[in-house]
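Each chain, letter by letter, is given below.
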Amino acid sequence: MWGQETELGEMDRLWGQAREELQKIVGADSFSTWIEPLRLTGVEDGTATIACPTRFLSDWVSRHYSDDILKVLDRMGGPVQRLSFQTRSQTARQAAAPAVKRPAPRPAGEEELAAPLDSRFTFENFVVGKPNELAHAAARRVAEGGPVTFNPLFLYGGVGLGKTHLMHAIAREIQVRQPEARVLYLSAEQFMYRFVQALRDRTVMDFKELFRTVSVLMVDDVQFIAGKDSTQEEFFHTFNTLVDQGKQIVISADRAPGEIKDMEERIKSRLQCGLVVDLHPTDYELRLGILQSKTDSFRAQYPGLQIAPGVLEFLAHRITSNVRVLEGALQRLFAFASLMGREITLDMTQECLADILRANDRKVSIEEIQRKVAEHYNIRLADMIGPKRVRTVARPRQIAMYLSKQMTSRSLPEIGRRFGGRDHTTIMHGVRKIEELRGSDRSLAEDIDLLRRLLEA
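Residues numbered from 1 in each chain as written. Predicted model: local features only at pLDDT ≥ 70, side-chain atom pairs only at ≥ 80, totals over all residues. Heavy atoms only, no water.

As recorded in an unreviewed UniProt entry, the protein goes by the name Chromosomal replication initiator protein DnaA, listed as coming from Paracoccus versutus. Reading the Sequence similarities (unreviewed entry) entry of the UniProt record for the protein gives the comment "Belongs to the DnaA family." UniProt annotates the protein under Subunit (unreviewed entry) with the comment "Oligomerizes as a right-handed, spiral filament on DNA at oriC." (UniProt positions renumbered as here; feature names shortened; annotations may be inferred.)

(A) Up close: the pattern of salt bridges. Counting across every chain of the model gives 20 salt bridges. Here Glu233 ties to Arg266 by a salt bridge, and the two come within 2.4 Å at their closest N and O atoms. Taken together, the positions of Glu233 in helix H10 (residues 229-244) and Arg266 in helix H11 (residues 265-271) put the pair 33 residues apart, joining distant regions of the chain. Judged by its relative accessible area of 34%, Glu233 falls in the partly exposed class. As a salt-bridge pair, Lys388 and Asp383 come within 3.7 Å of each other at their nearest N and O atoms. We classify Asp383 as buried; its relative accessible area is 11%. One network of salt bridges, in which partners are shared, links Glu367, Glu414, Arg417 and Arg418. (Salt bridge = Lys/Arg side-chain N within 4 Å of Asp/Glu carboxyl O. Helix = DSSP H or I, 4+ residues; strand = E, 2+ residues; numbered from the N terminus. Buried < 20%, exposed > 50% of the residue type's maximum accessible area, 1.4 Å probe, protein only.)

(B) Layout of the UniProt feature "binding site: ATP" (unreviewed entry) in the protein. When the UniProt feature table is mapped to this numbering, "binding site: ATP" (unreviewed entry) covers Gly160, Gly162, Lys163 and Thr164. Relative to the helices and strands, Gly160 resides in the loop between strand E4 (153-156) and helix H7 (163-177). Residue Gly160 is classed as buried on the basis of its relative accessible area of 8%. What Gly160 contacts, discounting residues up to four positions off in sequence, is Asn322, Val323 and Arg324. Along the polypeptide, Gly162 turns up in the loop between E4 and H7. (Contact = heavy atoms within 4.5 Å.)

Quick look at the structure:
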C-alpha cells in the first residue's frame, strides 16, 4: 500500500513499476518526453506528490496524463485519488527526507527539447573570424534576450561552417539567462515527424499547443520540409502565431531562403523578413584559430603531448573542406600521439593523415567554385543558383557546373541539388556545352584555366 510509512527505497521501486506500466499506456515517445522526468516523492491521505523539473511540464502532464497516472498508482498500491505536482523550486524550499540515489534530473527546460544540446557547442568555444563574425554577433544578440529588431534570425551556409554550433549556443545561453523561458530546439525532420504523429494519433491540437506556447522556437535544417505540403502549412501558421506574439524564432538551412527549391513562396517571404546571415567558408586565419583553440583544449586533457612548430599552419593550409574534417584530423593526431607516446611532427602528420590530405588535395567544394565563378564574372551568387536564363548568368553557371564535375567527386544529382535543385540532365548538358566551347573559344578556355588555378591555390 502507498502511504506515509512507505520507505523511500520501496516507493522508488514501486514508482519504477508504475513507470513501466505508463510507458505501455502512453507509448515510448510520449513517455520519454513527459513521464520519464517525473519523480514520485510521497503519498499521503490519498494524494500522490510528483516532482517535476518545470512548471510547464507539470501543467502539461496534469492536463493530459493525470487520469493514466492515477489509474496506474491506484492499481499498484492505492487508494490514490489526487495528484499534486511540485516543481523543483517548490520542492527545494521544503524540508525533504534524504534523497534516494537516482539519475540527476535533467536541467530546467531541457526536457522540452526535441533534440539534445551538445555541451561542446557554446559561445565561449566558438572561434570567430571574418567569415562568421556577423552570424556570431547576431546569435549573441538573440541569446542575450534584449530587444531584437530582427525576427526570425536565419543562418545559412554549407556543411561544417558552424550553423548548428551557434544554434546550440543560443539555446544554452537563453536557458542560463532566462531559466523560466521555454526553448524548443529541434530539426525540421523532427518537426515533421511530430506533426505526422499528431495527425495519426488525432492529437493535432496538442501539437499546436506545444509548439505555439514556447518562448523561443529553433528549427535546424529547415530545407528538409520543402515539398512537404501539410508540414509546410503547419510550420507557416506556427511561425505566424509566434511572430505575432513577439516570440523569437531562429532558423538554419544549407542555403538562403530564396534558393530552397519546393519551399512555398509565402514561407520564403516570412523567412526573409528578419535577418538572413550567410556563414561563409572558412579562410586560413579562421582555420588556424580553430586549430589553436582545439589544441589548447587537448593539452588540458593530455598535458604531456608535444606538437612541433608549423604543424597547425600546415593543417590550416591543406584541410579546407570544412571545420568538422579539420577538427577530426586534429583529434586523430592527438589520439595517435597519445597512444604511441610521440611528439606530433610534420612527418608524423603527413603519415597519420595521408587519406585526409589526399582527399583535400583532390577536393574543392561546390560552394567555393560557385563563389569564385560568381566573383570572376561579377554576378550574384543567388542568380547563379536561381532560375535566370539570360546569357550573362547562364554561361557562368555552366562553367561552375563544369568545374564542379571536374574538380569534385560529387555525382551529377548532387551537383544539381547544389545548383538550386536542378535535374542531373541539366548539369550534364552544361558540362558538355563547356567541353565543346573550350576547343573553339580561347577566351573561355583561359577563364577556366584561371579559375582552376585560383581554386587549387
